[in-house]
Amino acid sequence: CRGAATGSTRTTAGPAWPSPARTTAWSPPTPASPSDTTSSRASTPRSASCKADKCVIASSGFQGDIKALQKNLAARELLYQHQHNKRMSCPAMAQLLSNTLYYKRFFPYYAFNVLGGLDSEGKGCVYSYDAVGSYERTGYSAQGSGSTLIMPVLDNQLKSPSPLLVPARDAVTPLSESEAVDLVKDVFASATERDIYTGDKVEIVVINKAGTRREYIELRKD
Amino acid sequence: YNLERRENPYVTGNSVIAMKYKDGVIMACDTGASYGSTLRYKSVERIKEVGKHSLIGGSGEFSDFQEILRYLDELTLNDHMWDDGNSLGPKEIHAYLTRVMYNRRNKFDPLWNSLVLGGVKKGPKGDEKYLGMVNMIGTHFEENHIATGFGNHMAIPILRGEWREDMTFEEAVKLIEKCLLVLLYRDRSSINKFQIAKITTEGSTIYPPYALKTNWGFAAFENPSKGAVGTW
(Lines give C-alpha, C1' and ligand atoms only; values in the text may rest on other atoms or scores of the structure.)
Protein backbone atom coordinates (compact mmCIF):
# COMPACT_ATOMS: atom_id res chain seq x y z
CA CYS A 1 0.00 0.00 0.00
CA ARG A 2 1.18 3.45 -0.84
CA GLY A 3 3.44 5.52 1.29
CA ALA A 4 2.77 5.66 4.96
CA ALA A 5 4.37 8.88 6.14
CA THR A 6 1.89 11.49 7.29
CA GLY A 7 1.05 11.98 10.88
CA SER A 8 4.80 12.38 11.15
CA THR A 9 6.53 15.68 11.62
CA ARG A 10 5.65 16.83 15.05
CA THR A 11 6.76 20.33 15.76
CA THR A 12 8.96 20.47 18.78
CA ALA A 13 7.46 19.79 22.15
CA GLY A 14 8.45 21.78 25.24
CA PRO A 15 10.27 20.07 28.07
CA ALA A 16 12.94 17.59 28.79
CA TRP A 17 14.61 16.34 25.68
CA PRO A 18 14.25 17.89 22.35
CA SER A 19 16.05 20.99 21.21
CA PRO A 20 14.48 23.01 18.43
CA ALA A 21 14.04 21.17 15.19
CA ARG A 22 15.84 22.45 12.16
CA THR A 23 14.22 22.25 8.81
CA THR A 24 15.36 19.79 6.22
CA ALA A 25 14.12 19.97 2.66
CA TRP A 26 14.75 18.05 -0.50
CA SER A 27 14.36 19.05 -4.02
CA PRO A 28 13.75 16.88 -7.00
CA PRO A 29 16.16 15.07 -9.23
CA THR A 30 16.73 16.34 -12.74
CA PRO A 31 15.63 14.30 -15.74
CA ALA A 32 18.14 12.61 -18.02
CA SER A 33 21.75 13.36 -17.38
CA PRO A 34 23.16 14.33 -15.05
CA SER A 35 20.63 13.30 -12.49
CA ASP A 36 21.16 14.89 -9.18
CA THR A 37 19.55 15.48 -5.91
CA THR A 38 19.67 18.64 -4.01
CA SER A 39 19.43 18.46 -0.28
CA SER A 40 19.54 21.15 2.22
CA ARG A 41 18.83 21.93 5.77
CA ALA A 42 18.88 25.12 7.69
CA SER A 43 21.23 26.28 10.38
CA THR A 44 24.61 25.07 11.46
CA PRO A 45 26.20 22.39 9.29
CA ARG A 46 25.82 19.62 11.80
CA SER A 47 22.97 17.51 10.65
CA ALA A 48 24.07 16.55 7.15
CA SER A 49 26.80 14.01 6.75
CA CYS A 50 28.18 11.97 3.91
CA LYS A 51 27.28 8.34 3.94
CA ALA A 52 27.90 5.59 1.46
CA ASP A 53 28.78 6.13 -2.11
CA LYS A 54 26.54 8.99 -3.09
CA CYS A 55 24.25 9.36 -0.19
CA VAL A 56 23.63 12.12 2.30
CA ILE A 57 21.44 12.12 5.38
CA ALA A 58 19.91 15.28 6.71
CA SER A 59 18.30 15.16 10.14
CA SER A 60 16.05 17.43 12.11
CA GLY A 61 15.07 17.11 15.76
CA PHE A 62 16.95 16.49 18.99
CA GLN A 63 20.66 16.99 18.38
CA GLY A 64 21.74 14.35 20.91
CA ASP A 65 19.68 11.68 19.16
CA ILE A 66 20.69 12.90 15.71
CA LYS A 67 24.38 12.58 16.55
CA ALA A 68 23.86 9.17 18.09
CA LEU A 69 21.85 7.99 15.08
CA GLN A 70 24.34 9.27 12.51
CA LYS A 71 27.23 7.80 14.47
CA ASN A 72 25.40 4.48 14.57
CA LEU A 73 24.83 4.54 10.81
CA ALA A 74 28.43 5.51 10.11
CA ALA A 75 29.64 2.55 12.16
CA ARG A 76 27.27 0.17 10.37
CA GLU A 77 28.33 1.53 7.02
CA LEU A 78 31.97 0.91 7.82
CA LEU A 79 31.12 -2.65 8.85
CA TYR A 80 29.30 -3.14 5.58
CA GLN A 81 32.35 -1.98 3.68
CA HIS A 82 34.55 -4.43 5.54
CA GLN A 83 32.16 -7.28 4.97
CA HIS A 84 31.13 -6.65 1.37
CA ASN A 85 34.17 -4.87 -0.01
CA LYS A 86 32.02 -2.12 -1.47
CA ARG A 87 30.23 1.01 -0.34
CA MET A 88 26.58 0.95 0.65
CA SER A 89 24.17 1.98 -2.04
CA CYS A 90 21.60 4.63 -1.24
CA PRO A 91 18.62 2.22 -1.24
CA ALA A 92 20.57 -0.07 1.09
CA MET A 93 21.27 2.82 3.44
CA ALA A 94 17.61 3.75 3.21
CA GLN A 95 16.57 0.37 4.53
CA LEU A 96 19.27 0.41 7.22
CA LEU A 97 18.07 3.76 8.47
CA SER A 98 14.51 2.52 8.64
CA ASN A 99 15.55 -0.56 10.59
CA THR A 100 17.75 1.46 12.93
CA LEU A 101 14.89 3.80 13.72
CA TYR A 102 12.36 1.03 14.23
CA TYR A 103 14.76 -0.79 16.53
CA LYS A 104 14.02 1.99 19.00
CA ARG A 105 10.31 1.94 18.31
CA PHE A 106 9.47 2.17 22.02
CA PHE A 107 12.04 4.83 22.88
CA PRO A 108 12.52 6.56 19.56
CA TYR A 109 15.32 8.61 18.17
CA TYR A 110 13.76 12.04 18.09
CA ALA A 111 15.07 12.61 14.59
CA PHE A 112 13.23 13.40 11.37
CA ASN A 113 15.34 12.35 8.47
CA VAL A 114 15.66 12.79 4.79
CA LEU A 115 18.08 10.62 2.86
CA GLY A 116 19.24 11.63 -0.56
CA GLY A 117 21.58 10.33 -3.17
CA LEU A 118 21.91 8.32 -6.35
CA ASP A 119 20.47 4.87 -6.71
CA SER A 120 22.28 1.98 -8.38
CA GLU A 121 21.15 3.24 -11.79
CA GLY A 122 22.63 6.66 -11.14
CA LYS A 123 19.24 8.36 -10.83
CA GLY A 124 18.51 10.74 -7.99
CA CYS A 125 16.56 9.39 -5.06
CA VAL A 126 15.01 10.94 -2.00
CA TYR A 127 13.78 8.99 1.00
CA SER A 128 11.72 10.64 3.71
CA TYR A 129 11.29 9.24 7.24
CA ASP A 130 9.33 9.71 10.40
CA ALA A 131 10.89 9.22 13.84
CA VAL A 132 10.19 5.49 14.01
CA GLY A 133 11.35 4.47 10.58
CA SER A 134 8.44 4.45 8.22
CA TYR A 135 9.80 5.68 4.92
CA GLU A 136 8.97 6.29 1.35
CA ARG A 137 10.94 7.06 -1.75
CA THR A 138 9.72 10.33 -3.18
CA GLY A 139 10.84 12.97 -5.61
CA TYR A 140 11.13 15.65 -2.97
CA SER A 141 10.50 16.12 0.73
CA ALA A 142 10.77 18.46 3.67
CA GLN A 143 11.11 17.60 7.36
CA GLY A 144 11.44 19.56 10.55
CA SER A 145 9.94 22.62 12.09
CA GLY A 146 9.50 24.46 8.79
CA SER A 147 8.29 21.50 6.78
CA THR A 148 4.66 22.58 6.88
CA LEU A 149 5.72 25.86 5.35
CA ILE A 150 7.90 24.29 2.68
CA MET A 151 6.01 21.20 1.50
CA PRO A 152 3.04 23.03 0.01
CA VAL A 153 5.40 25.22 -2.00
CA LEU A 154 7.30 22.23 -3.30
CA ASP A 155 4.04 20.49 -4.15
CA ASN A 156 2.89 23.49 -6.09
CA GLN A 157 6.17 24.10 -7.92
CA LEU A 158 6.93 20.53 -8.76
CA LYS A 159 3.47 19.79 -10.11
CA SER A 160 3.16 16.37 -8.61
CA PRO A 161 0.33 14.47 -10.26
CA SER A 162 -2.46 13.14 -8.11
CA PRO A 163 -1.50 10.09 -6.06
CA LEU A 164 -4.93 8.73 -6.97
CA LEU A 165 -3.99 8.20 -10.59
CA VAL A 166 -3.82 4.63 -11.82
CA PRO A 167 -1.30 3.65 -13.05
CA ALA A 168 0.87 5.67 -10.66
CA ARG A 169 2.64 8.52 -12.39
CA ASP A 170 6.19 9.51 -11.58
CA ALA A 171 6.28 12.17 -8.94
CA VAL A 172 8.32 14.99 -10.18
CA THR A 173 8.66 17.73 -12.72
CA PRO A 174 12.12 17.65 -14.23
CA LEU A 175 14.31 20.55 -13.12
CA SER A 176 17.81 21.55 -14.02
CA GLU A 177 20.39 21.76 -11.26
CA SER A 178 20.30 25.55 -11.10
CA GLU A 179 16.50 25.60 -11.03
CA ALA A 180 16.50 23.04 -8.25
CA VAL A 181 19.08 24.93 -6.19
CA ASP A 182 17.19 28.17 -6.70
CA LEU A 183 13.98 26.53 -5.57
CA VAL A 184 15.69 25.24 -2.44
CA LYS A 185 17.05 28.69 -1.65
CA ASP A 186 13.61 30.18 -2.16
CA VAL A 187 11.79 27.75 0.09
CA PHE A 188 14.34 28.18 2.85
CA ALA A 189 14.14 31.94 2.61
CA SER A 190 10.37 31.63 2.90
CA ALA A 191 10.48 29.24 5.83
CA THR A 192 12.95 31.54 7.59
CA GLU A 193 10.43 34.35 7.51
CA ARG A 194 7.81 32.59 9.53
CA ASP A 195 9.49 29.72 11.38
CA ILE A 196 11.44 30.95 14.39
CA TYR A 197 13.71 27.91 14.39
CA THR A 198 14.73 28.24 10.78
CA GLY A 199 17.33 30.75 9.78
CA ASP A 200 20.97 31.93 10.01
CA LYS A 201 22.37 29.60 7.35
CA VAL A 202 21.45 26.79 5.01
CA GLU A 203 23.76 24.09 3.71
CA ILE A 204 22.94 22.88 0.22
CA VAL A 205 24.43 19.61 -0.96
CA VAL A 206 24.24 18.71 -4.64
CA ILE A 207 24.96 15.12 -5.64
CA ASN A 208 25.29 14.01 -9.21
CA LYS A 209 27.47 11.67 -11.16
CA ALA A 210 30.15 14.34 -11.37
CA GLY A 211 30.47 14.31 -7.61
CA THR A 212 29.21 16.03 -4.49
CA ARG A 213 29.17 19.76 -3.98
CA ARG A 214 28.31 21.79 -0.88
CA GLU A 215 27.42 25.43 -0.57
CA TYR A 216 26.37 27.56 2.39
CA ILE A 217 23.85 30.33 1.95
CA GLU A 218 23.14 33.02 4.52
CA LEU A 219 19.57 33.35 5.77
CA ARG A 220 17.86 35.99 7.86
CA LYS A 221 19.40 36.01 11.29
CA ASP A 222 16.47 37.21 13.35
CA TYR B 1 15.00 2.08 34.15
CA ASN B 2 13.33 4.40 36.54
CA LEU B 3 10.63 6.00 34.44
CA GLU B 4 9.19 7.94 37.33
CA ARG B 5 12.16 9.44 39.05
CA ARG B 6 12.64 13.05 38.23
CA GLU B 7 15.87 14.36 39.61
CA ASN B 8 16.04 17.84 41.02
CA PRO B 9 19.32 19.66 41.37
CA TYR B 10 20.23 20.71 44.92
CA VAL B 11 23.58 22.45 45.06
CA THR B 12 24.17 24.19 41.76
CA GLY B 13 27.03 26.08 40.15
CA ASN B 14 26.59 29.05 37.85
CA SER B 15 27.60 29.86 34.33
CA VAL B 16 30.94 28.87 32.88
CA ILE B 17 32.30 30.84 29.94
CA ALA B 18 35.21 29.91 27.75
CA MET B 19 36.85 30.89 24.50
CA LYS B 20 39.77 30.02 22.28
CA TYR B 21 42.56 32.54 22.00
CA LYS B 22 45.95 32.69 20.31
CA ASP B 23 47.88 30.34 22.60
CA GLY B 24 45.08 28.04 23.68
CA VAL B 25 41.81 28.13 25.56
CA ILE B 26 40.69 30.36 28.40
CA MET B 27 37.88 29.44 30.79
CA ALA B 28 36.24 31.34 33.64
CA CYS B 29 33.47 31.06 36.19
CA ASP B 30 32.54 32.30 39.62
CA THR B 31 33.29 30.32 42.75
CA GLY B 32 29.80 30.14 44.18
CA ALA B 33 27.44 27.20 44.62
CA SER B 34 23.82 27.81 45.52
CA TYR B 35 21.33 25.68 47.42
CA GLY B 36 18.16 26.90 45.75
CA SER B 37 18.04 30.59 46.49
CA THR B 38 20.62 30.35 49.29
CA LEU B 39 24.20 31.13 48.47
CA ARG B 40 25.57 28.14 50.34
CA TYR B 41 29.21 27.82 49.26
CA LYS B 42 31.40 30.70 48.24
CA SER B 43 34.74 29.07 47.50
CA VAL B 44 34.04 26.30 45.09
CA GLU B 45 36.42 25.45 42.26
CA ARG B 46 34.36 24.62 39.23
CA ILE B 47 37.18 24.43 36.72
CA LYS B 48 39.56 21.49 36.94
CA GLU B 49 42.42 20.05 34.94
CA VAL B 50 41.90 16.78 33.12
CA GLY B 51 44.98 14.89 32.03
CA LYS B 52 47.74 16.94 30.48
CA HIS B 53 45.81 18.64 27.75
CA SER B 54 42.40 19.69 28.98
CA LEU B 55 40.31 21.75 31.34
CA ILE B 56 36.77 20.97 32.39
CA GLY B 57 34.32 23.55 33.69
CA GLY B 58 31.05 22.43 35.22
CA SER B 59 27.81 24.17 35.97
CA GLY B 60 24.70 22.63 37.43
CA GLU B 61 24.51 20.04 40.21
CA PHE B 62 27.85 20.15 41.96
CA SER B 63 27.76 16.61 43.33
CA ASP B 64 27.27 15.32 39.79
CA PHE B 65 30.25 17.38 38.70
CA GLN B 66 32.32 15.72 41.43
CA GLU B 67 31.12 12.34 40.22
CA ILE B 68 32.17 13.23 36.70
CA LEU B 69 35.61 14.22 37.99
CA ARG B 70 35.86 10.75 39.56
CA TYR B 71 34.97 9.14 36.20
CA LEU B 72 37.61 11.29 34.53
CA ASP B 73 40.16 10.27 37.16
CA GLU B 74 39.54 6.64 36.30
CA LEU B 75 39.76 7.43 32.62
CA THR B 76 43.01 9.37 32.87
CA LEU B 77 44.50 6.80 35.26
CA ASN B 78 43.86 4.00 32.81
CA ASP B 79 45.24 6.14 30.04
CA HIS B 80 48.39 6.77 32.07
CA MET B 81 48.77 3.09 32.93
CA TRP B 82 49.01 2.17 29.27
CA ASP B 83 52.33 3.98 29.38
CA ASP B 84 52.42 4.11 25.62
CA GLY B 85 53.46 7.70 25.10
CA ASN B 86 49.94 8.62 24.07
CA SER B 87 47.53 10.64 26.14
CA LEU B 88 43.88 11.54 25.84
CA GLY B 89 43.32 14.94 24.30
CA PRO B 90 40.37 17.31 24.80
CA LYS B 91 38.50 15.88 21.81
CA GLU B 92 38.63 12.40 23.26
CA ILE B 93 37.58 13.55 26.73
CA HIS B 94 34.70 15.49 25.20
CA ALA B 95 33.57 12.45 23.23
CA TYR B 96 33.74 10.32 26.38
CA LEU B 97 31.71 12.82 28.39
CA THR B 98 29.15 13.07 25.61
CA ARG B 99 28.58 9.32 25.72
CA VAL B 100 28.30 9.37 29.52
CA MET B 101 25.78 12.23 29.55
CA TYR B 102 23.70 10.86 26.68
CA ASN B 103 23.53 7.37 28.10
CA ARG B 104 22.52 8.61 31.53
CA ARG B 105 19.79 10.68 29.88
CA ASN B 106 18.55 7.58 28.05
CA LYS B 107 18.20 5.84 31.41
CA PHE B 108 16.16 8.77 32.76
CA ASP B 109 18.91 9.34 35.32
CA PRO B 110 20.77 12.39 34.09
CA LEU B 111 23.86 14.02 35.47
CA TRP B 112 22.42 17.48 35.92
CA ASN B 113 25.32 19.46 34.44
CA SER B 114 26.45 21.57 31.57
CA LEU B 115 30.10 20.81 30.99
CA VAL B 116 32.67 22.85 29.12
CA LEU B 117 35.70 21.02 27.81
CA GLY B 118 38.68 22.92 26.49
CA GLY B 119 42.27 22.11 25.68
CA VAL B 120 45.19 22.06 23.28
CA LYS B 121 46.93 19.04 21.88
CA LYS B 122 49.47 18.48 19.16
CA GLY B 123 47.81 17.01 16.12
CA PRO B 124 48.79 16.30 12.53
CA LYS B 125 48.35 19.97 11.68
CA GLY B 126 50.31 21.25 14.66
CA ASP B 127 48.82 22.49 17.92
CA GLU B 128 45.10 22.10 17.75
CA LYS B 129 42.92 24.08 20.11
CA TYR B 130 39.64 22.47 21.08
CA LEU B 131 36.62 23.81 22.87
CA GLY B 132 33.29 22.08 23.28
CA MET B 133 30.36 21.60 25.58
CA VAL B 134 27.94 18.86 26.54
CA ASN B 135 24.82 19.18 28.67
CA MET B 136 22.55 16.97 30.72
CA ILE B 137 20.50 15.74 27.79
CA GLY B 138 23.48 14.90 25.63
CA THR B 139 23.42 17.86 23.28
CA HIS B 140 27.04 18.58 22.40
CA PHE B 141 29.04 20.72 20.01
CA GLU B 142 32.34 22.44 19.36
CA GLU B 143 32.72 26.18 19.06
CA ASN B 144 35.18 29.05 19.35
CA HIS B 145 33.36 30.34 22.42
CA ILE B 146 31.08 28.56 24.88
CA ALA B 147 28.87 29.59 27.76
CA THR B 148 26.52 27.66 30.01
CA GLY B 149 23.39 28.66 31.90
CA PHE B 150 22.73 32.37 31.93
CA GLY B 151 25.93 32.85 30.02
CA ASN B 152 24.09 31.57 26.97
CA HIS B 153 21.84 34.57 27.03
CA MET B 154 24.22 37.24 28.25
CA ALA B 155 27.76 36.28 27.36
CA ILE B 156 27.29 34.62 23.98
CA PRO B 157 25.95 37.75 22.25
CA ILE B 158 29.00 39.67 23.50
CA LEU B 159 31.38 36.92 22.44
CA ARG B 160 29.80 36.63 19.02
CA GLY B 161 30.28 40.32 18.49
CA GLU B 162 33.77 40.75 19.86
CA TRP B 163 35.64 37.45 19.67
CA ARG B 164 38.49 37.35 17.18
CA GLU B 165 40.85 34.63 16.11
CA ASP B 166 44.32 35.14 17.61
CA MET B 167 43.44 37.27 20.60
CA THR B 168 46.29 37.68 23.05
CA PHE B 169 45.84 36.45 26.60
CA GLU B 170 45.34 40.01 27.86
CA GLU B 171 42.68 40.75 25.25
CA ALA B 172 40.96 37.46 25.99
CA VAL B 173 40.89 38.19 29.72
CA LYS B 174 39.37 41.60 29.06
CA LEU B 175 36.63 40.09 26.97
CA ILE B 176 35.98 37.34 29.51
CA GLU B 177 35.83 39.91 32.30
CA LYS B 178 33.31 41.92 30.33
CA CYS B 179 31.09 38.85 30.15
CA LEU B 180 31.65 37.97 33.82
CA LEU B 181 30.67 41.49 34.81
CA VAL B 182 27.41 41.36 32.89
CA LEU B 183 26.62 38.07 34.57
CA LEU B 184 27.50 39.51 37.96
CA TYR B 185 25.12 42.40 37.47
CA ARG B 186 22.26 40.49 35.97
CA ASP B 187 22.38 36.90 37.25
CA ARG B 188 21.12 36.94 40.79
CA SER B 189 22.92 33.73 41.75
CA SER B 190 26.36 34.94 40.72
CA ILE B 191 28.93 36.25 43.18
CA ASN B 192 31.87 38.62 42.88
CA LYS B 193 34.59 36.02 43.16
CA PHE B 194 35.92 34.59 39.94
CA GLN B 195 38.52 32.19 38.71
CA ILE B 196 40.13 32.29 35.33
CA ALA B 197 41.95 29.28 33.91
CA LYS B 198 43.96 28.88 30.79
CA ILE B 199 45.42 25.96 28.92
CA THR B 200 48.19 26.08 26.34
CA THR B 201 50.75 23.64 24.97
CA GLU B 202 52.93 24.53 27.95
CA GLY B 203 50.28 23.29 30.34
CA SER B 204 47.36 24.59 32.31
CA THR B 205 47.07 27.33 34.91
CA ILE B 206 44.14 27.95 37.21
CA TYR B 207 44.57 31.43 38.66
CA PRO B 208 43.61 32.27 42.26
CA PRO B 209 40.17 33.80 42.79
CA TYR B 210 39.73 37.54 42.46
CA ALA B 211 36.94 40.13 42.37
CA LEU B 212 35.86 42.50 39.65
CA LYS B 213 35.27 46.18 40.14
CA THR B 214 31.59 47.00 40.00
CA ASN B 215 29.92 50.34 39.60
CA TRP B 216 26.72 51.07 41.43
CA GLY B 217 27.08 54.85 41.39
CA PHE B 218 23.98 55.67 39.46
CA ALA B 219 21.82 58.63 40.40
CA ALA B 220 18.77 56.46 40.86
CA PHE B 221 20.62 54.34 43.42
CA GLU B 222 22.05 57.26 45.39
CA ASN B 223 18.81 58.31 46.93
CA PRO B 224 16.20 55.74 45.98
CA SER B 225 13.28 57.36 47.73
CA LYS B 226 13.84 60.81 46.29
CA GLY B 227 10.90 61.91 44.27
CA ALA B 228 8.84 58.98 45.41
CA VAL B 229 5.13 59.51 45.72
CA GLY B 230 3.18 57.52 48.28
CA THR B 231 4.40 54.11 49.37
CA TRP B 232 6.39 53.52 46.24
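Rules and cut-offs
- Residues numbered from 1 in each chain as written.
- Chains lettered and ligands numbered in written order.
- Predicted model: local features only at pLDDT ≥ 70, side-chain atom pairs only at ≥ 80, totals over all residues.
- Heavy atoms only, no water.
- UniProt positions renumbered as here; feature names shortened; annotations may be inferred.
- Helix = DSSP H or I, 4+ residues; strand = E, 2+ residues; numbered from the N terminus.
- Buried < 20%, exposed > 50% of the residue type's maximum accessible area, 1.4 Å probe, protein only.
- Contact = heavy atoms within 4.5 Å.
- 1 Å grid on protein atoms, 1.4 Å probe; cavity = no way out; pocket = protein on both sides within 12 Å on 5 of 7 lines; lining within 4 Å.
- Points joined across faces, edges and corners; volume = space filled by probe spheres on them.
- Nonpolar A, V, L, I, M, F, W, Y, C, P; charged D, E, K, R; others polar.
- Pairing = 2+ DSSP bridges.
- Buried area = accessible area lost by both parts, 1.4 Å probe.
- Salt bridge = Lys/Arg side-chain N within 4 Å of Asp/Glu carboxyl O.
- Polar contact = N/O pair within 3.5 Å; in protein donor to acceptor, adjacent residues only side chain to side chain.
- Axes fitted to C-alpha atoms, helices over the stretch in contact; angles between N-to-C directions.
- Parallel < 35°, antiparallel > 145°, perpendicular 65-115°, else oblique.
- Left-handed = near helix turned anticlockwise from the far one by under 90°.

The name an unreviewed UniProt entry assigns to chain B is Proteasome subunit beta, from the organism Aegilops tauschii subsp. strangulata.

If you look chain A up in an unreviewed UniProt entry, it shows as Proteasome endopeptidase complex from Aegilops tauschii subsp. strangulata. Per UniProt, chain A carries the Subcellular location (unreviewed entry) text "Nucleus".

(A) Region of interest: the overall build of chain A. When helices and strands are tallied, chain A shows four helices and ten strands. Its helices and strands taken in sequence order, chain A reads β-β-β-β-α-α-β-β-β-β-α-α-β-β from the N to the C terminus. Each of the 222 residues in chain A was classed as buried or not, and the buried ones make up 50%. Taking all contacts inside chain A whose residues are at least 6 apart in sequence as the whole, residues at least 24 apart take part in 62%.

(B) Broad picture of empty space enclosed by the protein. Residues and elements named next belong to chain B. Tallying each qualifying case throughout the model produces one cavity of 30 Å³ or more. Estimates place the volume of the largest cavity at around 60 Å³. Every residue along the wall of the largest cavity is listed here: Asn14, Ser15, Cys29, Asp30, Leu180, Leu183, Leu184, Asp187, Ser190 and Phe194. Among the elements of the structure, β3 (24-30) and α4 (169-186) are those that each provide at least two residues to the lining of the largest cavity. Here the lining of the largest cavity gets three residues from one element, more than from any other, and that element is α4. In terms of residue class, the lining of the largest cavity is made up of five nonpolar, three polar and two charged.

(C) Region of the structure containing the pairing of strand β5 (residues 111-118) of chain A. All names here are of chain A. In terms of residue burial, β5 counts as a mostly covered element, since eight of its eight residues are buried. With seven bridges connecting them, strand β4 (residues 55-61) and β5 associate as antiparallel partners. Paired with Ile57 across the two strands is Leu115, which belongs to β5. Where β5 and strand β6 (residues 124-129) come together, five bridges link them in antiparallel fashion. Within β6, the residue paired with Gly116 across the bridge is Val126. A loop of five residues connects β5 with β6, the two strands running antiparallel in sequence, and Gly122 in this loop sits at a positive phi of about 85°.

(D) Looking closely at the interface of chain A and chain B. Between chain A and chain B, the residue contacts involve twelve residues of the former and ten residues of the latter. Where chain A abuts chain B, roughly 1,000 Å² becomes buried across the two surfaces, and 56% of that area is made up of carbon and sulfur atoms. Applying the counting rule to chain A against chain B returns one salt bridge. Salt-bridge contacts for Asp65(A) lead to Arg105(B); the nearest nitrogen and oxygen are separated by 3.4 Å. Taken together, chain A and chain B are joined by three residue pairs in polar contact (both at pLDDT 80 or more).

(E) Structural detail: the pairing of strand β7 (residues 135-138) of chain A. Examined bridge by bridge, β6(A) and β7(A) share four bridges and lie antiparallel to one another. By the bridge assignment for β7(A), Tyr127(A) is matched with Arg137(A).

(F) Layout of unusual backbone geometry. Although it is not a glycine, Asn85(A) sits at a positive phi angle of roughly 55°. Examined against the element boundaries, Asn85(A) turns out to sit in the loop between α1 (63-84) and α2 (90-103). Residues other than glycine seldom take positive phi values, yet Asp166(B) does so here, at roughly 65°. Of note, Asp166(B) is situated in the loop between α3 (151-162) and α4.

(G) Summary view of the side chain of Asp195(A). With respect to the helices and strands, the residue Asp195(A) is situated in the loop between α4 (177-194) and β9 (201-208). A distance of 2.8 Å separates the side chain of Asp195(A) from the side chain of Ser145(A), its partner in a polar contact.

(H) Here's a closer look at the packing of α1(A) against helix α2 (residues 90-106) of chain B. For the pair α1(A) and α2(B), interaxial distance at closest approach is 11 Å and the crossing angle is 110°. As summarised for this structure, α1(A) and α2(B) are arranged roughly perpendicular, according to the angle between their axes. In terms of crossing hand, the pair formed by α1(A) and α2(B) is left-handed. Contacts between α1(A) and α2(B) pair Gly64(A), Asp65(A), Ala68(A) and Lys71(A) from the former with Arg99(B), Tyr102(B) and Arg105(B) from the latter.

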